[in-house]
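# Understanding the architecture of this molecule
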Amino acid sequence: MKKLTELTFDNTYARLPEAFYRRVKPTSVPAPYLVSFNAAAAELLDLDGSEARRPEFVEYFCGNRLLPGADPIAALYAGHQFGSWVPQLGDGRAILLGEVRNGKGERWDLQLKGAGPTPFSRGFDGRAVLRSCVREYLCGEAMHNLGIRSTRALSIVGSNLPVQRERAETAAVLLRMAPTHVRFGTFEVFVNRGQIENVKALADYVIAQFFLEVADEKNKYAAFLREVVRRTAVMIAQWQAFGFAHGVMNTDNMSILGITIDYGPFGFMDDYDPDFIPNHSDHSGRYAFNQQPHVGLWNLSCLAHALLSLVSEEEAFAALDSYEADFNDAYELLMRAKLGLAESEADDHALLKELLDALAANAVDYTNFFRRLNSFSSAPDDHNDLLRDMFLDPASFDSWATKYRARLRLELSVDHERESRMKRVNPKYVLRNYMAQKATADATEKRDYTEIDRLLALLSRPFDEQPECDLYAASSPDWGKRLVVSCSS
Ligand code: AMP
Ligand code: MG
């Protein structure tokens, strides 16, 4: 285990052509203090967890001091935001300190979010508020532990520096980690500028670093695009299966690795509602929950377009054409597992559809329905009252349960065996909005960070029974369901 000053930096992105980024220094914040430290993320860096107790820790991870070996840069990118092309975005408030190599040979971007303006800030302040750092910090871990690849976060450092959003708030700096933060928009920006050589340089870099499986293919660029399509489809299938809505699926928020990045006004669904829009500012519902699979393909088509100097149109279309099957395969696999079905039958689709329609019509809590379904009794005289009582119209559950029971019988499903399988795919705990809200309110109003740490621990084991935390497994209180999450962060 290493000390802070012993981390091994290997800054590959900063060795790419100058056009890819601008060198930049973080701007200091006054009187930084540690809000939370994530030991699981420290392990990925081989960093000794006790280092978080050193006073220098906050200095390094708010940007007031630079770690030896860091070479801070802000990356250039562009993107389609809500369908409109924005020719230059870039890290406006994120600063890549550098990449740390661990003992397993993995490299992790250490990125400060909210460490002050960069040449890409477009007049904004380069800051992040504590509220949004807490949400991103917790959600990255929640996703990772659900099995959805995501950015991780090492720490939140707070400061009393005032930051103006809809109201006055205070600043915080998040230390965010990913194998790379390259986005679809990183490719798009170079095409738009006519810098075809940079598109190739970026593709070569990303393939050599992260897509070794395609590096030896005859047409590695087509195979690369095909693989990004697959990974993106799988990620979005996971979002749909766990009831997660990202909120801002702009192409600058789509990772080239197919991992979930840039948590803003996201939300895990409470009551099942396919039209759920987590982002208060998304008036047209472009990024509503049920639009995500479609938007994923739309975004991939922007990426494919950006790669047309490297792949033929035919190859681009072929890669995009595989999206639907990739998505459906992954989604069906996950939903079959959530239903506890070991085999695949022709009518499973209809069974699932009838269930989802009933959940929507009866405003049933999505996470809790599936968790309770784990202990569904297939005995013909058992009404499964715990499930039944979740429905405004219990008859709609009864009708579905009759078909489900018959379906279980078809594959000779044994209740307790199915239950132990389902427990590993139907989480008991997800990061509901009201939970993040409570942790944030304690932090901002009382400087009490215990709730953040409690949720971090809770969400590190979302599938396990944690009886002392049963309260968090209840459906959200009404005020929590009505919470408005704005884009400002
Ligand atoms: P986001 O919606 O957080 O993904 O941000 C979209 C773009 O706006 C990115 O290029 C960000 O870097 C930039 N941005 C968002 N908030 C700020 C801010 N407070 N200061 C500077 N740039 C920002
Ligand atoms: Mg973004």
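In this text, all values refer to a predicted model and were calculated from it rather than measured experimentally.

Bringing the site of ligand 1 into the picture now. For ligand 1, the set of nearby residues contains 16 residues, the closest of which are Gly90, Gly92, Arg122, Asp125 and Gly126. Between ligand 1 and aspartate 125 there is a distance of 2.9 Å, counted from a nitrogen atom to a side-chain nitrogen or oxygen. Arginine 127 places a polar main-chain atom, nitrogen or oxygen, 3.3 Å from a nitrogen atom of ligand 1. Computed on the free molecule, ligand 1 has an accessible area of 480 Å², of which 82% lies beneath the protein chains in the complex.

Expected angles at a metal are 109.5 degrees for tetrahedral coordination by four donors and either 90 or 180 degrees for octahedral coordination by six donors. Binding of the magnesium ion (ligand 2) to the protein goes through Asn253 (OD1) and Asp262 (OD), at separations of 2.0 to 2.1 Å. Per residue, the accessibility class of asparagine 253 equals that of aspartate 262, and both read buried.

This part covers the packing of aromatic side chains. Throughout the structure, instances matching the rule amount to 29 aromatic pairs. Relative to tyrosine 205, the ring of tyrosine 13 lies with its centre 5.6 Å away and its plane at 75°, an arrangement referred to as edge-to-face. With tyrosine 13 in the loop between β1 (8-9) and β2 (21-23) and tyrosine 205 in helix α5 (residues 196-210), this residue pair connects regions lying 192 residues apart in the sequence. Note on tyrosine 13: relative accessible area 5%, which makes it buried.

There is a patch of like negative charges on the surface, built from Asp381, Asp382, Asp385 and Asp389. For aspartate 385, the position within the fold is in helix α12 (residues 385-388). The exposure class of aspartate 385 is partly exposed, given its relative accessible area of 42%.

One pass over the full model with this rule turns up 37 salt bridges. Between lysine 200 and aspartate 204 there is a salt bridge whose closest N-O contact spans 3.0 Å. With lysine 200 and aspartate 204 both in helix α5 and 4 residues apart, this pair spans about one turn of that helix. For arginine 407, the salt bridge is made with aspartate 348, and the minimal N-O distance between the two is 2.6 Å. One end of the pair, arginine 407, is in helix α13 (residues 394-410); the other, aspartate 348, is in helix α10 (residues 348-361), and 59 residues separate them in sequence. Within the structure, one salt-bridge network assembled from shared partners comprises Lys113, Glu136, Arg176, Arg183 and Asp262.

It is worth spelling out the domain arrangement of the protein at this point. Here the domain parsing of the protein yields domain 1 (4-180) and domain 2 (340-422). Here the C-alpha centroids of domain 1 and domain 2 sit 43 Å apart.

Right, let's talk about the pairing of strand β10 (residues 152-164) for a bit. Consecutive side chains of a regular strand alternate in pointing toward one face of the sheet and then the other. Both strand β3 (residues 33-37) and β10 contribute to a ladder of 4 bridges, which runs antiparallel. Across the sheet, residue serine 36 finds its bridge partner in β10, namely isoleucine 156. Across 9 bridges, β10 lies against strand β11 (residues 168-178) in antiparallel orientation. If you follow alanine 153 over to β11, its bridge partner there is arginine 176. If you look at the hairpin formed by β10 and β11, you'll find 3 residues sitting between the two strands.

The rules we used
- Residues numbered from 1 in each chain as written.
- Chains lettered and ligands numbered in written order.
- Predicted model: local features only at pLDDT ≥ 70, side-chain atom pairs only at ≥ 80, totals over all residues.
- Heavy atoms only, no water.
- Near = heavy atom within 4 Å.
- Polar contact = N/O pair within 3.5 Å; in protein donor to acceptor, adjacent residues only side chain to side chain.
- Areas by Shrake-Rupley, 256 points an atom, 1.4 Å probe, with all protein chains shown as cover.
- Donors = N, O, S within 2.8 Å, 3.2 Å for Na, K, Ca; no water.
- Buried < 20%, exposed > 50% of the residue type's maximum accessible area, 1.4 Å probe, protein only.
- Phe/Tyr/Trp six-rings, centres within 6.5 Å; stacked < 30°, edge-to-face > 60°.
- Helix = DSSP H or I, 4+ residues; strand = E, 2+ residues; numbered from the N terminus.
- Patch = residues over 30% accessible without salt bridge, like charges linked within 9 Å, V, L, I, M, F, W, Y side chains within 5 Å.
- Salt bridge = Lys/Arg side-chain N within 4 Å of Asp/Glu carboxyl O.
- Lys, Arg positive; Asp, Glu negative; His and termini not counted.
- Charge placed at Lys NZ, Arg CZ, Asp CG, Glu CD.
- Domains from an automatic or database assignment.
- Pairing = 2+ DSSP bridges.

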